[in-house]
Amino acid sequence: MVGAWPVTGQTPRRIIDAHVHVTLGTFPAVLAAFRQHGVVLAVASGRRKEDVSELTRLADAGGVKLLSGFISETELLGLSSDSLDTRFAGGWFSFVGELAPQYVGVAPGDPALDPIFRWAQARDLPVGIHMGLTQPGIALGRRPAYRVSLGNPLLLEDVLVRYPKLRLWVMHAGNPFREAMIGLLYMFPEVYVDLSAAGCSAPRADTGWCPLRDLVARGFEDRLMFGTDVAADTGIIARSIEYIERAEFLTPGQRDKIFCLNAQRFFRLAGVCGGGQ
């Protein structure tokens, strides 16, 4: 059974899932899967403070910590600093994300996003931005403005130059723009990525979609964070863990970093990963 994956055969694996989408309806099943597979903290996107409060209560009762962020396609675009302060008041949201302007045809360097990046940098809040692919055919249906080209990580260059202290992570590892992602990570040492929905789950990873091997080979093992993009299909948790556990090119130490230590550092958490990792 995928679940109690060992660390040196002694200590149960502790995992941070850096990319989660849950609702009050789906969370009980997701929480049960987290507990089964060793996920001790979930980085979850939402919109309603009321839901975040109840989800946090349920997570705490289930022994899992929740770090909540505000998901936005258009909701935060063009808001003033005061309006953003109001939206984030109360401390329920600890990061901006999933920020997803690509769904509405807006590039990450568009001036409409500047107030968000400026505000987040000033308040030292992490920002997670969707870059890369989504459901096939979406531009022909419910998201006609979606363009794959707007998910190229190199479109973040000007943002990172304008906001050099921005705590940014690129969701989905910018896949399929593998070389562009490598270039951005090389030039901007503070950028992290999560591996959610990047083809890094069994058995799809075996088809060559997953960029993990290349990112590790280029020396970026300290900035890669485990993520599942789980919403309702809880099986993705086990499949994603399985791929990383069985990846022959990873050392035990690299697995520890990807599963927990890198996210613990990026989100400035304390004691989540325990002494065994």
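Each chain carries its own residue numbering, running from 1 in the written order of its sequence. In keeping with the model being predicted, local features are shown solely for residues with a pLDDT of at least 70 and side-chain atom pairs are shown and tallied solely at 80 or more, while totals for entire chains, interfaces and linings include all residues. Side-chain measures here rest on the full set of heavy atoms in the structure, leaving out hydrogens and waters.

J.: Provide a residue-level description of the packing of helix 1 (residues 27–37) against helix 8 (residues 235–246), including the pertinent values.
T.: With their axes 9 Å apart at the nearest point, helix 1 and helix 8 run at an angle of 25° to one another. By the angle between their directions, the pair helix 1 and helix 8 is classed as roughly parallel. Relative to helix 8, helix 1 is oriented so that their crossing is right-handed. Contacts between helix 1 and helix 8 involve Val 30, Ala 33, Phe 34 and His 37 on the former and, on the latter, Ile 237, Ala 238 and Ile 241. All residues other than Ala, Val, Leu, Ile, Met, Phe, Trp, Tyr, Cys, Pro, Asp, Glu, Lys and Arg, Gly among them, are scored as polar; the first ten of these are nonpolar and the last four charged. Split by residue class, the contact of helix 1 with helix 8 holds six nonpolar, one polar and no charged. To get an axis, fit a line to the C-alpha atoms, keeping to the stretch in contact for a helix; angles then go from 0 to 180 degrees between the N-to-C directions. Helix and strand assignments come from DSSP, with helices taken as H or I runs of at least 4 residues and strands as E runs of at least 2, each series counted from the N terminus. For this classification, under 35 degrees means roughly parallel, over 145 means roughly antiparallel, 65 to 115 means roughly perpendicular, and everything else is oblique. The handedness criterion is simple: a crossing whose near helix is rotated anticlockwise from the far helix by less than a right angle is left-handed, and one whose near helix is rotated clockwise is right-handed. We call two residues in contact when some of their heavy atoms are within 4.5 Å.

J.: A description of the state of the cysteines should follow, citing residues and the corresponding values.
T.: Should the sulfur atoms of two cysteines be covalently bonded, the bond is a disulfide. To count as a disulfide, a pair of cysteine sulfur atoms needs to be within 2.5 Å. Evaluation of the coordinates by the stated rule reveals two disulfides. Across the disulfide, Cys 200 is cross-linked to Cys 210 (sulfur-sulfur distance 2.0 Å). Between Cys 200 and Cys 210, the S-S dihedral sits near 90°, and the bridge is therefore right-handed. Linking Cys 200 in the loop between strand 9 (192–194) and helix 7 (212–217) with Cys 210 in the loop between strand 9 and helix 7, this pair joins segments that are 10 residues apart in sequence. Accessibility here uses a 1.4 Å probe with only protein chains present; expressed as a share of the type maximum, an area under 20% marks a residue as buried, one over 50% as exposed, and anything in between as partly exposed. Of the residues examined, Cys 200 reaches a relative accessible area of 4% and is grouped as buried. Here Cys 260 pairs with Cys 273 through a disulfide, and the sulfurs are 2.1 Å apart. Because the torsion about its S-S bond is -100°, the bridge between Cys 260 and Cys 273 counts as left-handed. Here the residue Cys 260 occupies a position in helix 9 (residues 252–266), and Cys 273 occupies one in the segment after helix 9, the gap between them amounting to 13 residues. In this pair, the class of Cys 260 matches that of Cys 273, namely buried.

J.: I'd love a proper account of the pattern of salt bridges, names of residues and values included.
T.: For salt bridges, the criterion is a side-chain nitrogen of Lys or Arg within 4 Å of an Asp or Glu carboxyl oxygen. Under the definition given, this model contains 18 salt bridges. Between Asp 214 and Arg 178 there is a salt bridge, and its shortest N-O distance comes to 2.9 Å. Taken together, the positions of Asp 214 in helix 7 and Arg 178 in helix 6 (residues 178–187) put the pair 36 residues apart, joining distant regions of the chain. Arg 239 serves as the salt-bridge partner of Asp 233, at 2.9 Å between the closest nitrogen and oxygen. With relative accessibility at 42%, the residue Asp 233 sits in the partly exposed group. Residue classification places Arg 239 among the partly exposed positions, given a relative accessible area of 29%. Each member of the salt-bridge network shares a partner with another, and the members are Arg 13, Glu 245 and Asp 256.

J.: How would you summarise the sheet that holds strand 5 (residues 65–72) if you had to cite specific residues and measurements?
T.: Between any two strands, at least two bridges found by DSSP are needed for them to pair. Across the sheet, eight strands lie side by side as 3-4-5-6-7-8-9-10; this open sheet has parallel pairing. Looking at strand neighbours, the two that pair on one side only are strand 3 (15–21) and strand 10 (224–225), the edges of this open sheet. Looking at chain direction, strand 4 (residues 39–46) and strand 5 are connected through six bridges and run parallel. Among the inter-strand pairings, Ala 42 is bridged to a residue of strand 5, identified as Leu 66.

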